[in-house]
Amino acid sequence: MRSRIWGIRARYQKVELAPGETKRVRVHVAERALQHWDEAAGGWKLGGGKRAVEIGSSSRDIDLRADINL
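Rules of the game
Residues numbered from 1 in each chain as written. Predicted model: local features only at pLDDT ≥ 70, side-chain atom pairs only at ≥ 80, totals over all residues. Heavy atoms only, no water. Helix = DSSP H or I, 4+ residues; strand = E, 2+ residues; numbered from the N terminus. Buried < 20%, exposed > 50% of the residue type's maximum accessible area, 1.4 Å probe, protein only. Contact = heavy atoms within 4.5 Å. Areas by Shrake-Rupley, 256 points an atom, 1.4 Å probe, with all protein chains shown as cover. Pairing = 2+ DSSP bridges.

Engineer: Would you take a moment to explain the overall build of the protein for this structure?
Structural biologist: On a plain count of helices and strands, the protein comes out with 0 helices and 4 strands. Going from the N terminus to the C terminus, the protein shows its helices and strands as β-β-β-β. The buried share of the protein, taken over its 70 residues, is 10%. Contacts in the protein between residues at least 24 apart in sequence constitute 31% of all its contacts with a sequence separation of at least 6. With an accessible surface of roughly 6,400 Å², the protein has 49% of that area assigned to carbon and sulfur atoms.

Engineer: What is the right way to look at the pairing of strand β4 (residues 61–69) in this model?
Structural biologist: On any regular strand, side chains alternate: one points to one face of the sheet, the next to the other face. As paired elements, strand β3 (residues 50–58) and β4 share 8 bridges and run antiparallel to each other. Across the sheet, Gly56 pairs through a bridge with Ile62, a residue of β4. In sequence, β3 turns back onto β4 through a hairpin of 2 residues.

Here it is as structure tokens:
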């Protein structure tokens, strides 16, 4: 299943970068934020497969895109 979930808020810490500098960061997303409603099961379910992750200041200003596998 490939799905997109809009508006997930994640815990993060601000990172200052000098021009041209890169750093690896870790973003924590609660499992519940990645679940979808399963009508047949009558509950929330974490499906496997690829999920698109887009990071930006808004949905119209995406700076980074990546796929994750659950």
